[in-house]
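In case you want the letters, here they are:
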Amino acid sequence: MKIDALIVGAGIAGSVLARKLAEEQGQQILVVDKRNHVGGYCYDYRDENGILIHKYGPHIFRTDSKEVWKFLSRFTDWQDYQHKVLANVNGHFYPMPINLDTVNQYLGTQYTAEDVEEYFEEHKISLIEINNVKDVIESQIGPEFYHAFFEHYTEKQWGLPCEELPPEIVARIPIRKNRDDRYFTHCYQALPKDGYTNMIQNILDHPNIHILLNTDFKDIKGAIESKHTYYSGPIDEYYNYCYGKLPYRNVTFKFETYPVEQYQPVSVVNYPNNYDYTRITEFKHFYPSRSSCTVIAKEIPSGGGYCNESAYPIPTSVNKELYRKYASIPNKKVTFIGRLGEYKYYSMDQIVEYILRNDISGRRKEKTDG
Ligand SMILES: Cc1cc2nc3c(=O)[nH]c(=O)nc-3n(C[C@H](O)[C@H](O)[C@H](O)COP(=O)(O)OP(=O)(O)OC[C@H]3O[C@@H](n4cnc5c(N)ncnc54)[C@H](O)[C@@H]3O)c2cc1C
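Conventions and cut-offs
- Position numbers for residues start from 1 in each chain and track the written sequence from start to end.
- Where totals are concerned, whole chains, interfaces and linings use all residues; where local detail is concerned, this predicted model gives features only for residues with pLDDT of at least 70, and gives and counts side-chain atom pairs only at 80 or more.
- Working definition: helices are DSSP H or I runs of at least four residues, strands are E runs of at least two. Numbering for both runs from the N terminus.
- Only C-alpha atoms enter the radius of gyration; for comparison, a globular chain is expected to reach 2.2 Å times N to the power 0.38, where N is the number of residues.
- Any residue surrounded by 20 or more other C-beta atoms within 10 Å of its C-beta is treated as buried, while 12 or fewer makes it exposed and the intermediate range makes it partly exposed; C-beta atoms here are placed from the backbone.
- C-beta atoms are first placed from the backbone for all residues, and any pair lying within 7 Å is then listed as a contact.
- Each helix should span, by expectation, one fewer than its residue count multiplied by 1.5 Å.
- Here the bounds of each domain stem from an automatic or database domain assignment.
- Only the C-beta atom matters for nearness: placed from the backbone, it must lie within 6 Å of the molecule or strand for the residue to count as near.
- Whenever a helix is involved, its axis is fitted only over the stretch in contact; in every case the axis is a line through C-alpha atoms, and angles between N-to-C directions fall within 0 to 180 degrees.
- Working definition: roughly parallel below 35 degrees, roughly antiparallel above 145 degrees, roughly perpendicular at 65 to 115 degrees, and oblique for all remaining angles.
- Take the far helix as your reference; a near helix turned counterclockwise from it by less than a right angle gives a left-handed crossing, and one turned clockwise gives a right-handed crossing.
- In the scheme used here, Gly and all other residues not listed as nonpolar or charged are polar, with Ala, Val, Leu, Ile, Met, Phe, Trp, Tyr, Cys and Pro taken as nonpolar and Asp, Glu, Lys and Arg as charged.
- At least two DSSP bridges between two strands are needed for those strands to be called paired.
- You can read pLDDT as the predictor saying how much it trusts each residue, on a scale of 0 to 100.
- For crossovers, right-handed means that the path from the first strand over the helix to the second runs clockwise, given strands pointing away from the viewer.
- Working definition for bend: take the seven residues up to and ending at a residue and the seven starting at it, fit an axis to each, and measure the angle between the axes.

**Structural notes on the overall build of the protein chain**
Part 1: Along the backbone of the protein chain there are 11 helices and 17 strands.
Part 2: Taking 2.2 N^0.38 as the reference for a compact globule, 370 residues should give roughly 21 Å; the C-alpha atoms of the protein chain span a radius of gyration of 22 Å, in line with that estimate.
Part 3: Projected onto its principal axes, the C-alpha coordinates of the protein chain cover approximately 70 × 50 × 40 Å.
Part 4: Per-residue burial over the protein chain gives 35% buried out of 370 residues.
Part 5: Long-range contacts, defined as pairs at least 24 residues apart, comprise 75% of the intrachain contacts of the protein chain with a sequence gap of at least 6.

Spelled out as structure tokens, the structure:
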């Protein structure tokens, strides 16, 4: 088989790139994926009760990019959805990220926005150096809120004490001085009306794009003649782990069905303390459903080493250095893309934006966003 581009991986990175090369350059594309479905980590499916399940954890689409929104809107209609998250601390539900209500409910106060600002000013720890995650958080919000909402959650998520986690693992902790309880504040927030798998199938639906599922790159390497390969699988695996394995944090999803209309008040509830899971997702909150039962997933992080369902790259300086070693191996025939190819956490919109804006050989397109 003779093709212009072989794309390994039918996740969102490989699929958007396939569409772009097919549509803009008329290239003949073969997309291979070792799974039995397209969509990669964004894959969703309807269960026997008609509930749309995100197999690899809750995927909430949001973006500030008009370009990304316009592009994806060619392939799906949208379901309005504003993501809300609660944290279960000592049996009480508190809005996350921390807002005025979180502070007042937790402290039993009636603070105004100014009082909240003053509270955190007074309670934050002054530090000369920020050496770890504990320092990052305590220097912004002080020990009490750190301990109740972040310490154990972060430790469960990464499997290490916060004192041993590098500062770059957490960003700034947003503290809202108002009652806005939306998890995200992006301009565009919604879910694909018929799910991510359907949207990605539509992206791949082009006469120049050919798809082979249940096909591992290893098994067809050499049998396919292509001018270039774009690889969205793990970069270390491609090079047979010649410098060692890039570590990932994995998550296991424990699905449970209950014969009730609703299990919890919002789609995602965080469990920062107690329990081995970090959060519970209830899928019915994403899309209206008439089902009399409900499905939840408990999310249990594990591993710090290599695992087959590698979820989160662990961005320590040692790991980044190891990735750089792989990325600097000269290879004109292959370009690595996506979260596994670039060993980088990308949200869905970031990966789409990256692929739309770059010619992947590095030239930037002019920014077109309004
Ligand atoms: C738990 C979790 C929750 C997330 N939630 C959100 C969210 O709410 N919102 C958001 O915007 N983003 C979210 N993300 C990020 C989102 O999943 C990624 O942005 C997206 O999956 C990146 O797509 P990708 O194509 O790079 O990788 P993937 O989706 O992993 O696709 C890579 C594909 O390559 C295939 N592959 C690998 N090796 C081979 C091989 N040797 N041969 C053939 N095929 C191969 C794999 O089977 C896979 O299908 C979340 C991620 C995780 C881990």
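More follows now that the structure is in view.
**Some details on helix H1 (residues 12-25)**
Part 1: With 14 residues, H1 extends 19 Å from end C-alpha to end C-alpha; this agrees with the ideal 20 Å at 1.5 Å per step.
Part 2: Of all 14 residues in H1, 10 are buried, a share of seventy percent or more.
Part 3: All of the buried residues along H1 are Ile-12, Ala-13, Gly-14, Ser-15, Val-16, Leu-17, Ala-18, Arg-19, Leu-21 and Ala-22.
Part 4: Where H1 ends, the next residue or the one after it, Gly-26, has phi of about 65°, a positive value.

**Focus: the domain arrangement of the protein chain**
One widely used convention gives an interface's size as the accessible area the parts lose upon coming together.
Part 1: Domain annotation of the protein chain identifies domain 1 (2-80 + 191-245 + 313-357) and domain 2 (98-169).
Part 2: Taking only C-alpha atoms, the centre of domain 1 and the centre of domain 2 are 36 Å apart.

**Looking at the environment of Asp-80**
Part 1: As for its placement among the helices and strands, Asp-80 is situated in strand S6 (residues 78-80).
Part 2: In sequence terms Asp-80 and Tyr-287 are 207 residues apart; their C-alpha atoms lie 8.9 Å from each other.

**As for the site of the ligand**
Part 1: In the neighbourhood of the ligand, 36 residues make up the surrounding shell, with Gly-9, Gly-11, Gly-40, Gly-233 and Gly-338 lying closest.
Part 2: Where the shell around the ligand is concerned, the elements lending two or more residues are H1, helix H7 (217-220), helix H10 (338-341) and helix H11 (348-357).

**Here we look at the packing of H1 against H11**
Part 1: Interhelical geometry of H1 versus H11 gives an angle of 30° and a closest axis separation of 9 Å. In this view, H1 runs roughly parallel relative to H11, as classed from their interaxial angle. Here the hand of the crossing between H1 and H11 comes out right-handed. Along the contact surface, H1 presents Ile-12, Ala-13, Val-16, Leu-17 and Lys-20, while H11 presents Met-348, Ile-351, Val-352, Ile-355 and Leu-356.
Part 2: Considered class by class, the residues forming the contact of H1 with H11 number 9 nonpolar, no polar and 1 charged.

**Describing the sheet that holds strand S2 (residues 29-32)**
Part 1: Overall, parallel pairing links the 5 strands, which are arranged S10-S2-S1-S11-S17 in an open sheet. Where the open sheet ends on each side, the last strands, each with one partner, are strand S10 (209-212) and strand S17 (334-336). Neighbouring strand axes in the sheet, compared pairwise and without regard to direction, differ in orientation by 20° on average.

**Structural notes on the pairing of strand S8 (residues 92-96)**
Part 1: Bridge analysis of strand S7 (residues 85-89) against S8 gives 5 bridges, and the strand direction is antiparallel. Residue pairing for S8: Asn-88 is matched across the bridge by Phe-93.
Part 2: Where S7 hands over to S8, the hairpin turn is made up of 2 residues, of which Asn-90 adopts a positive phi near 50°.

**Considerations on the confidence of the model for the protein chain**
Part 1: Confidence in the prediction for the protein chain averages 92 pLDDT; 95% of positions are at 70 or higher.
Part 2: Counted against residues more than four places away or in other chains, residues 361-370, with its pLDDT under 50, gives 8 contacts.

**What about the sheet that holds strand S9 (residues 188-192)?**
Part 1: Pairing is antiparallel in the open sheet, where 3 strands are placed in the order S5-S9-S6. Only two strands of the sheet have a single partner each, and these edge strands are strand S5 (61-63) and S6. Strand-to-strand twist of the sheet, defined as the mean angle between neighbouring strand axes without regard to direction, takes the value 45°.
Part 2: Sheet topology note: the S5/S9 ladder contains 3 bridges and is antiparallel. In the sheet register, Phe-61 faces S9, and the bridge partner there is Ala-190.

**Considerations on the pairing of S2**
Part 1: Covered by surrounding structure in S2 are Ile-29 and Val-31 together with Leu-30 and Val-32, the residues of both alternating faces.
Part 2: Strand direction decides the pairing type here: strand S1 (residues 2-8) and S2, joined by 4 bridges, are parallel. The residue bridging Val-8 from the neighbouring strand is Val-32, located in S2.
Part 3: Viewed along the sheet, the connection from S1 through H1 into S2 turns out right-handed.
Part 4: Pairing of S2 with S10, which is carried by 4 bridges, proceeds in the parallel orientation.

**Details of helix H5 (residues 133-158)**
Part 1: Here H5 is 26 residues long, yet its end C-alpha atoms lie only 11 Å apart, well below the 38 Å a rise of 1.5 Å per residue gives.
Part 2: Maximal helix bending in H5 amounts to about 120°, located at Gly-142; proline Pro-143 follows within four positions.
Part 3: Within two residues after H5, Gly-159 carries a phi angle of roughly 75°, on the positive side.

**Looking at the environment of Asp-47**
Part 1: Mapped onto the secondary structure, Asp-47 falls in the loop between strand S3 (44-46) and strand S4 (52-54).
Part 2: Sequence-wise, Asp-47 and Cys-242 are 195 residues apart; in three dimensions their C-alpha atoms are separated by 41 Å.
Part 3: Leaving out residues up to four positions away in the same chain, Asp-47 has contacts with Ile-53 and Val-295.

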